[in-house]
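# A structural walkthrough
Residue strings, one per chain:
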Amino acid sequence: MNKPLPTVAILGASGLIGEAVATSLRRDGFPIVPIARRFTAAQRAVFGDALVVSPFVSLEAADLERLLAEAGAEIVVNCAGVLQEGAHGRPDEVHSAFVARLVAALGSNPAPRLLVQLSIPGRDEDDHTDFARTKRDAERTIRASLVPHVILRPGLVVAPAAYGGSALIRALAALPIDLPAREAGSPFATTDICDIADTIAFVGRSWRDGARDWSATWEVVDRRKTTVGDVVNDFRHHFGGPKLRLPSASWLMGLGARLGDLAARLGWSPPIRSTALTEMRRGVAADPEPWIAATGIEPTPLAATLDALPTTVQDRWFARLYLAKALIVASLVLFWCLSGLIALTVAFGAARAILVDHGFSVTAANATTVVSSLVDIAIGVAIAFRRTCAWGLIAGIVGSLGYMAGALVLTPDLWIEPLGALVKTGPAIVLMLVALAILDDR
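First, a word on what this report is: a plain description of the structure on this page.

The rules we used
Residues numbered from 1 in each chain as written. Predicted model: local features only at pLDDT ≥ 70, side-chain atom pairs only at ≥ 80, totals over all residues. Heavy atoms only, no water. Buried < 20%, exposed > 50% of the residue type's maximum accessible area, 1.4 Å probe, protein only. Helix = DSSP H or I, 4+ residues; strand = E, 2+ residues; numbered from the N terminus. Pairing = 2+ DSSP bridges. Right-handed = clockwise from strand over helix to strand, strands pointing away. Expected span 1.5 Å × (residues − 1). Bend = angle between axes of the 7 residues up to and from the residue. Contact = heavy atoms within 4.5 Å. Patch = residues over 30% accessible without salt bridge, like charges linked within 9 Å, V, L, I, M, F, W, Y side chains within 5 Å. Areas by Shrake-Rupley, 256 points an atom, 1.4 Å probe, with all protein chains shown as cover. Salt bridge = Lys/Arg side-chain N within 4 Å of Asp/Glu carboxyl O. Lys, Arg positive; Asp, Glu negative; His and termini not counted. Charge placed at Lys NZ, Arg CZ, Asp CG, Glu CD. Axes fitted to C-alpha atoms, helices over the stretch in contact; angles between N-to-C directions. Phe/Tyr/Trp six-rings, centres within 6.5 Å; stacked < 30°, edge-to-face > 60°. Polar contact = N/O pair within 3.5 Å; in protein donor to acceptor, adjacent residues only side chain to side chain.

Here the focus is the pairing of strand β1 (residues 8-11). Taking every second residue as pointing to the same face, both faces of β1 are buried, with Val8 and Ile10 on one and Ala9 and Leu11 on the other. Both β1 and strand β2 (residues 32-36) contribute to a ladder of four bridges, which runs parallel. Across the sheet, Leu11 pairs through a bridge with Ile35, a residue of β2. Handedness of the crossover is the feature at issue here: the chain leaves β1, passes through helix α1 (residues 16-27), returns alongside β2, and the resulting connection is right-handed. Sheet analysis places β1 next to strand β4 (residues 75-78), joined by four bridges and oriented parallel. Looking across to β4, one finds that Val8 is bridged to Ile75.

Structure (structure tokens):
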């Protein structure tokens with residue numbers, strides 16, 4: 001009779017890799033404990049009472065040990081990671097410092113626990129970003145410890161869900177442009193999410209059967225040697241992307257990365273940032289043979305991975321809307337902030353005159369113009385920040401409806417104004433509804 005499978009705690013179980021691993025392991029019969037800072041409503045429905053909501057990255061070693069002990073974890077899978085400093089923390093906090101505390105927590109328990117760490121492929125000498133350097137620091141910390149461990153180094157992870165790099169590849173495949181030669185020619189490697197989950201399941205069964213002396217580092221990637229451009233073209237062919245494409249310049253990628261860095265300071269998680277661009281230009285080159293030899297798992301070719309992905313209309317919508325989302329939000333921020341600033345400055349007299357001409361006193365017209373302008377600016381600022389964006393959009397819709405209703409009562413002639421300022425408010429409301437509908441990242 002087989003021993004029961006070990007309980008697996010998945011740190012960062014709300015992320016792309018973490019959620020897929022948790023779902024796959026549970027399907028394979030492993031008792032799982034998904035742990036994350038927050039879960040979506042859909043994830044709560046799937047994982048139910050098994051999940052644990054915890055700011056685990058900020059916990060001290062003793063608190064981490066207590067968390068894992070309460071979960072009954074025999075295997076800990078660490079999927080936590082950040083590309084660049086932003087709303088979710090800094091790479092040194094999430095990678096180096098947290099892993100050091102995690103290793104200390106695992107080492108303090110007399111009963112051995114296995115640590116499975118998700119890292120990145122590549123050589124130390126090619127690490128030029130904080131993301132890569134701190135990932136490598138975490139690996140060194142783990143190897144220097146006595147904690148049994150397996151370090152997995154996947155390439156671009158492809159899953160039915162899309163987030164970060166995999167979402168960006170889908171979006172690029174839907175655009176009628178070609179990547180610049182510099183980026184398109186970078187070496188690249190992909191990883192089917194099922195290969196990661198199957199590898200962890202293999203290690204978990206070995207752990208159940210008594211294997212305790214784990215100290216392995218495997219690059220879990222497809223055998224095929226390819227480039228970024230090849231992968232984008234494979235996705236484009238799979239999703240039926242545009243055949244006619246325009247060339248693009250490398251400096252545009254750099255501009256997009258800098259704008260992405262700015263958006264990150266406002267709490268967003270854009271896929272195009274300076275770190276992502278640097279890592280893309282560096283490329284992903286890896287050797288899967290040691291992993292294949294140790295586990296007997298044959299890597300899933302990208303063609304087979306894509307064959308398993310749906311190509312429904314909602315998937316094509318996502319690819320087309322993914323980068324448009326940034327334009328939609330940015331245009332709404334500019335719309336509200338500029339409308340408020342213009343009315344408060346160069347057009348103040350004209351705005352006040354409209355109200356005076358419709359029976360307002362000069363004092364009331366001044367106050368109304370100032371207040372409405374400040375409200376417009378406040379709505380634009382709220383939309384700009386990720387944390388308050390939804391409230392800003394709702395306020396913008398309510399404010400727009402209020403302006404339209406007020407004009408209908410107080411200044412009805414503005415509805416037939418030659419430039420149609422009030423008529424154009426209707427499409428703006430629709431655009432805000434679209435922004436609300438696509439606001440979620442996952």
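Read on, since the account is not over.
This next bit is on helix α14 (residues 313-344). The terminal C-alpha atoms of α14 lie 44 Å apart, and with 32 residues this matches the ideal 46 Å at 1.5 Å per residue to within 8%. Along its length, α14 shows its largest kink, about 40°, at Tyr322. Burial in α14 covers these residues: Ala319, Tyr322, Lys325, Ile328, Val329, Leu332, Val333, Trp336, Cys337, Gly340 and Ala343.

Attention shifts here to the environment of Asp441. With respect to the element layout, Asp441 can be found in the segment after α18 (425-437). Taking the relative accessible area as the measure of exposure, Asp441 reaches 29% and is therefore partly exposed. It is 9.5 Å that separates the C-alpha atoms of Asp441 and Trp268, two residues lying 173 residues apart in sequence. Look past the residues within four positions of Asp441 in its chain and what remains in contact with it is Ala162, Tyr163, Lys325 and Arg386.

Further remarks concern a positive patch on the surface. A cluster of basic residues, Arg37, Arg38, Arg387 and Arg442, forms a positive patch on the protein surface. Within the element layout of this structure, Arg442 appears in the segment after α18. For Arg442, a relative accessible area of 47% gives the class partly exposed.

Right, let's get into a nonpolar patch on the surface. A cluster of nonpolar side chains, contributed by Trp251, Leu252, Leu255, Leu259 and Leu262, occupies part of the molecular surface with about 520 Å² of accessible area. Checked against the element boundaries, Leu252 lands in helix α10 (residues 250-265). Judged by its relative accessible area of 40%, Leu252 falls in the partly exposed class.

Ordered by their spatial adjacency, seven strands build an open sheet running β3-β2-β1-β4-β5-β6-β10, and the pairing between neighbours is parallel. Of all strands in the sheet, those with a lone pairing partner are β3 (52-53) and β10 (215-220), marking the two edges. Both strand β5 (residues 114-118) and strand β6 (residues 149-154) contribute to a ladder of four bridges, which runs parallel. Bridge pairing in β6 links Leu115 to His149. Along the sheet, α1 makes contact with β1, β2 and β5, crossing β1 at roughly 165°. Contacting β1, β4 and β5, helix α4 (residues 91-107) crosses the sheet at an angle of about 180° to β4.

Looking now at the environment of Ser166. If you trace the backbone, Ser166 turns up in helix α6 (residues 165-174). Sequence separation between Ser166 and Ala80 is 86 residues; the distance between their C-alpha atoms is 17 Å. Excluding residues within four positions of it along the chain, Ser166 makes contact with Leu16, Leu156, Val157 and Ala161.

Tallied over the full model, the rule gives six aromatic pairs. Ring plane angle 90° and centroid distance 6.0 Å describe the contact between Trp214 and Trp218, whose orientation is recorded as edge-to-face. On the basis of relative accessible area, Trp214 is assigned to the buried category, the value being 14%. Measuring from ring centre to ring centre gives 5.3 Å for Phe335 and Trp336, while their planes differ by 80°; the resulting arrangement is edge-to-face. Residue classification places Phe335 among the partly exposed residues on the basis of a relative accessible area of 37%. Here Trp336 falls in the buried class, since its relative accessible area comes to 2%.

This part covers helix α8 (residues 193-208). Relative to the 22 Å expected for 16 residues at 1.5 Å per residue, α8 spans 23 Å between its end C-alpha atoms, a close match to the ideal helical length. Most of α8 sits inside the fold, with twelve of its 16 residues counted as buried. A side-chain oxygen of the first residue of α8 lies 2.8 Å from the backbone nitrogen of Cys194; this N-cap is Asp192. Once α8 finishes, Gly210 follows within two positions and takes phi at roughly 110°, a positive value.

To continue, consider the pattern of salt bridges. Counted under the stated rule, the structure contains 15 salt bridges. For Arg136, the salt bridge goes to Glu139, with nearest N and O atoms at 3.4 Å. You can see Arg136 and its partner Glu139 sitting in helix α5 (residues 130-144), three residues apart, about one turn around the helix. In this pair, the class of Arg136 matches that of Glu139, namely buried.

The quantities given are spatial measurements derived from coordinates; they are silent on function.
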